[in-house]
Every structure is written in structure tokens, then in C-alpha cells.
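Below, each chain spelled out in residue letters.
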Amino acid sequence: MSYLLRTVTVKHWTTKRSSGASFASETKQSRLAMQQATTVETLCGHIGDPPTNIQRKTRISMTPSAEIELENLRRCSIAALGCNSGRAANRPIRKAASLELCSPAFGLPLLATGLLLLAVDLPLLLLSSSFAMPSNKSLLSGAVTGAAILGSAQANLFTVNCSPLTIQRGDPIMSPGQISAHVHVVTGGTAFQLAQSNAQARGARATTCDKILDNSNYWQPQLYHERHDGRFELVTMQGNAAYYIKRACDYAPGRRNCDGAPAPIAPPRGLRMISGDPELRTYNPSDFAQQAISHYCLEGPNEGETPHMSRLPCGRMRAQTFFPSCWDGHNLDSGNHKDHLAFPAIGAYNTGVCPQSHPKAILSVFYEFFYDTGAIRNPNRLVWAMGDPTGYGLHGDYLQGWTDQQRLEEAIATCAGPHGVDDPGCSLNVGPNGSPGRASVQQLEVPEPAEPVGEQGPLDKLPGDNPVTF
């Protein structure tokens with residue numbers, strides 16, 4: 001089997017920005033191991049060899065972010081090779097949501113270039129710490145090919161990486177001022193509370209995310225392990241990444257693709273939105289809203305991406321939620337918290353031209369929440385907090401709390417180039433020493449509801465008394 005890159009030196013692969021504080025517990029040895037110069041030929045071996053196998057073969061202890069970067073490289077090559085045969089068609093390279101190699105709108109030029117890369121013997125490539133983390137860009141897009149491979153501006157992105165903030169039955173979008181029906185795990189601004197406005201979010205004292213300007217809150221249901229004895233134990237959420245991606249374009253009469261279209265605007269100040277439906281227990285593969293929800297087991301015999309819940313055993317699971325990218329241009333919320341937004345009318349759920357009813361494209365928001373499913377002993381099955389073992393009810397909530405809307409608007413143009421947020425001109429770099437910030441554990445300003453949610457031990461039933469339903 002061919003190698004993707006024959007001689008690529010990885011140098012200074014650091015953890016200065018991991019996907020969430022979540023990963024602050026990674027050992028010093030882990031970081032030093034990836035800082036040592038090595039080769040992708042040694043690490044990656046064959047294209048189909050996942051990072052977790054690489055660890056076992058090389059005995060290198062990788063950080064979660066390093067695993068993600070290596071898997072980016074592997075999956076990009078697999079997708080490129082599979083486009084003509086329909087493999088991976090219309091599916092994203094999930095860890096680098098910027099790379100839709102097989103997208104109907106953008107796939108062919110990317111496929112051709114990807115195959116060209118596989119055919120040539122690339123010279124030595126030094127990956128500096130600027131390209132270290134998925135918080136900046138994917139390994140392939142940022143380090144190997146840059147803007148030339150991506151071609152279309154639709155692929156630009158930057159990420160916000162966050163530590164967990166709170167686990168509670170709070171949901172200021174769906175259940176404002178009340179205890180919500182099920183438990184959520186929340187990251188971001190410390191002002192999160194049962195009845196939180198966007199203005200309150202912007203006024204938060206701190207954030208758990210690595211962008212000082214971002215007091216937004218990002219949340220989804222908490223994951224539990226239903227044990228063989230019927231009790232429920234909480235699965236640790238290690239941290240999350242929220243990608244802001246340039247993928248959709250405005251509606252215009254006769255427009256069939258996004259070539260030459262104006263760039264989308266940032267999520268507007270005050271926006272509230274959800275993606276997914278907690279009541280779903282079945283899957284419609286033709287529904288964009290359901291295509292936008294998926295799970296990825298990153299390690300173990302059940303490794304891979306599925307629309308349904310990952311099966312156990314699984315070393316680490318990533319829950320993935322892509323939000324609608326087309327706005328009606330007027331409403332910041334709606335009765336069901338969905339109608340003011342829509343998925344593209346031409347293209348796919350994660351790329352394309354907006355419908356006339358929702359003509360204004362906004363930066364796409366894509367979540368990845370990481371769960372330590374490898375810590376589960378005597379595994380049975382995973383269940384979302386609303387009693388969903390199918391996974392089809394996974395959903396995400398977004399409450400926009402950026403404190404400087406103008407700098408957010410400028411971020412795609414100034415922070416998504418070859419140096420990412422390390423670029424001196426990046427509009428998000430307002431922190432000490434010109435940095436954008438650092439993910440960290442922070443104290444919630446308003447105490448969470450006083451009830452057990454599993455942090456102190458197994459529960460006899462899911463909080464909210466949610467039965468497990470199929």
C-alpha cells in the first residue's frame with residue numbers, strides 16, 4: 001500500500017492549543033514525544049492506518065489533538081481516493097470540517113489535486129508549532145497544501161477550543177428560566193444560567209475557551225453509560241472544539257454554486273440556535289438536519305463515523321453537530337429556535353447556496369465534543385441524557401456571546417490563513433503577548449441547580465427521570 005507522504009518531518013508538534021482545556025491533563029511526556037522530530041512514514045505507515053494503531057506500533061503517547069491531526073491526513077487521502085467510486089461521497093473530513101473533498105460543489109478540483117499529491121514524491125516539509133493543533137487548521141489544508149489545494153474560499157476556518165464549564169439541567173434557549181428536561185454539558189462564558197440573555201453572555205467575567213473575545217456558550221446533552229445493572233454513570237466530556245467555517249453563500253437568482261459569491265457574515269450578535277432533535281430515535285438519510293448529526297469512535301474495534309450512537313468498547317468518542325448556515329436576515333431566534341435558519345438549498349447540509357427564504361449566509365458553526373469512553377469498565381451501552389441510546393437525538397445549542405462583533409467578522413479574513421491565529425494580523429489576538437487566549441477551567445458565576453447529575457457516582461435513573469427509549 002502506498003504512503004501518503006514519503007518523507008515528512010514533524011517538528012515541534014506541541015500542545016500549546018489543544019482541543020479544549022479538556023486536554024490539560026495530558027502528560028509532559030506526551031507533549032515531548034510529539035515535539036521530537038519523527039517522520040510520518042514512521043508514524044502513519046500506510047494510508048489506512050489510524051492514529052490509535054500508530055500509537056500501539058510506535059509506542060508514542062499522542063495527545064488527543066495529535067491523534068486528530070494524523071487522522072486528518074489519513075482520512076483526507078482516503079476520501080480523495082474514494083470519490084470516483086462513491087466512497088465518502090458528500091461526507092466531511094470531520095476533524096477538519098474545512099475539507100469536503102467529495103462535495104458536489106467543490107469536490108472535483110480538490111480530488112484532482114489530492115490525487116496529484118499522492119502521486120508525487122514531496123520534498124521535506126517542516127511543520128512548525130503554527131500548524132500543531134486542529135484549533136488552527138487541518139494538517140493537510142494548513143501545512144501541506146494551503147490555499148492552493150483548498151482553492152475555494154468556502155473552506156476557510158478557525159476554531160474555538162474549550163474546557164468544560166458545567167454539567168446541569170439548564171438550557172436557556174429551550175427552557176429559559178426553568179430546569180430543563182435533561183442534563184447538558186456546557187462550555188464557554190461563565191455567565192451561563194437558566195435564564196440567560198445574549199447580553200448577559202457577553203458580560204461574562206471569563207470563558208473556558210481559548211478566545212478571550214468569545215463568551216458564547218456551546219452545549220449538548222451529557223453522555224452516560226448504562227451499566228449492566230441498569231444504573232447510569234456519567235462519561236467525562238474532555239473538551240470541545242467549535243469550528244467557524246466559510247461554507248455557504250447568499251441566495252441570488254440563478255446562482256448554482258458559491259464560486260465568486262460574497263463571503264458569509266459572522267453569526268449575528270444575539271443569535272440563538274439549535275441543531276438536531278432530542279426526540280428522534282430513527283434516521284432519515286435524505287434529511288440534511290439528520291445528516292448534520294453524527295458520532296465518531298476514535299479508537300477500538302468500533303472505530304469509525306456513524307449517524308447512530310457509537311458502540312462500546314470505544315476508546316474515545318466524538319459527538320459532531322453541524323448547524324444551519326442560512327439566516328432569514330431578520331430574526332435572531334424563533335419559536336422552535338430553528339425556523340429563522342435553514343440548511344443550503346443547493347449543495348449539501350454543510351456547503352452550498354442558501355434558499356430564497358433564508359437568503360443570508362453566515363459562517364457555519366460545527367461542534368466536536370470529546371468523551372472519554374475508554375474509561376468505561378465492563379461496557380454495556382451509551383445513552384444520551386434524554387434517554388436516547390440510538391444517538392439520533394443528539395443535538396446542540398449555540399448562544400452567541402462574542403464581545404466584539406467586528407473582530408469576529410474580520411476573523412475569517414485575518415485568522416484563517418497559513419499561520420491561523422498565530423498571524424500577527426489576526427483580529428482575535430487581543431490577549432497577553434498578542435495571543436487570542438487560552439482554554440482554562442473557570443468558575444460558574446451563577447450556581448447550577450442542586451441535584452445529582454452523576455459527578456459523584458452512578459445514578460439509579462437519568463436526571464429528569466428520562467426512561468431509555470428506542
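The structure displayed is predicted, hence computed values, not measured ones.

Rules used throughout
Residues numbered from 1 in each chain as written. Predicted model: local features only at pLDDT ≥ 70, side-chain atom pairs only at ≥ 80, totals over all residues. Heavy atoms only, no water. Pairing = 2+ DSSP bridges. Helix = DSSP H or I, 4+ residues; strand = E, 2+ residues; numbered from the N terminus. Axes fitted to C-alpha atoms, helices over the stretch in contact; angles between N-to-C directions. Contact = heavy atoms within 4.5 Å. Phe/Tyr/Trp six-rings, centres within 6.5 Å; stacked < 30°, edge-to-face > 60°. Buried < 20%, exposed > 50% of the residue type's maximum accessible area, 1.4 Å probe, protein only. Lys NZ or Arg CZ within 6 Å of the ring centre and 35° of its normal. Arc of directions from axis to C-beta. Polar contact = N/O pair within 3.5 Å; in protein donor to acceptor, adjacent residues only side chain to side chain. pLDDT = per-residue confidence, 0-100.

Details of the sheet that holds strand β19 (residues 351-353)
The strands making up a sheet associate through backbone hydrogen bonding, with each pair oriented either parallel or antiparallel.
Stage number 1. On the basis of which strands lie adjacent, the open sheet formed by three strands has the order β11-β19-β18 and mixed pairing. Lying at the two open borders of the sheet, with one neighbouring strand each, are β11 (248-249) and β18 (346-348).
Stage number 2. Of the strand pairs in this sheet, β11 and β19 are connected by two bridges, and their pairing is parallel. Within the sheet, the bridge partner assigned to C249 lies in β19 and is V353.

Examining the sheet that holds strand β10 (residues 237-245)
Stage number 1. Sheet architecture is open: six strands sit in the order β4-β10-β21-β15-β13-β14, paired in antiparallel fashion. Looking at strand neighbours, the two that pair on one side only are β4 (157-162) and β14 (304-306), the edges of this open sheet. In this sheet, neighbouring strand axes are inclined to one another by 20 degrees on average, regardless of whether the strands run parallel or antiparallel.
Stage number 2. Alignment of strand β13 (residues 293-297) against strand β15 (residues 317-322), held across five bridges, turns out to be antiparallel. When the sheet's bridge partners are listed, H295 is paired in β15 with A319.
Stage number 3. Contacts from helix α9 (residues 405-415) reach β4 and β10 within the one sheet, and its direction differs from that of β4 by about 115 degrees.

A closer look at the packing of aromatic side chains
The geometry of two aromatic rings is summed up by the distance between their centres and the angle between their planes.
Stage number 1. Per the counting criterion, the structure on display carries 15 aromatic pairs.
Stage number 2. Look at F322 and Y349: their rings are 5.6 Å apart centre to centre, the planes differ by 90 degrees, and that puts the pair in the edge-to-face class. Taken together, the positions of F322 in strand β15 and Y349 in the loop between β18 and β19 put the pair 27 residues apart, joining distant regions of the chain. The same class applies to F322 as to Y349, namely buried.
Stage number 3. An aromatic cluster is built from F158, Y218, Y244, F323, Y367, F369, Y398 and W402, whose rings are joined through pairwise contacts.
Stage number 4. Between R318 and the ring centre of Y296, over which it is positioned, the NZ or CZ distance is 5.0 Å.

Section: unusual backbone geometry
Stage number 1. For the peptide bond that leads from L312 to P313, omega is 5 degrees, which places it in the cis range.
Stage number 2. The topology assignment puts P313 in the loop between β14 and β15.
Stage number 3. In the Ramachandran plot, N378 falls in the positive-phi region, its phi being about 50 degrees despite a non-glycine side chain.
Stage number 4. Take N378: its relative accessible area is 57%, and that puts it in the exposed class.

Quick look at α9
Stage number 1. Among the residues of α9, those classed as buried are Q405, L408, A411, I412 and C415. Buried residues in α9, looked at end-on, bunch into an arc of 120 degrees, giving them a common side. Those residues of α9 that are exposed and aimed more than 90 degrees away from the buried face are Q406 and A413.
Stage number 2. Contacts made by the buried residues of α9 are with β4 and β10.
Stage number 3. The backbone nitrogen of Q406 has a side-chain oxygen 3.2 Å away, supplied by the residue at the start of α9, namely D404.

Brief notes about the confidence of the model for the protein
Interpreting fine coordinate detail is not advised for predicted regions of low pLDDT.
Stage number 1. Averaged over all residues, the pLDDT of the protein is 75; the fraction at 70 or higher stands at 67%.
Stage number 2. Residue range residues 1-155 is modelled with pLDDT below 50. Its contacts to residues more than four positions away, or to other chains, number 320 contacts.

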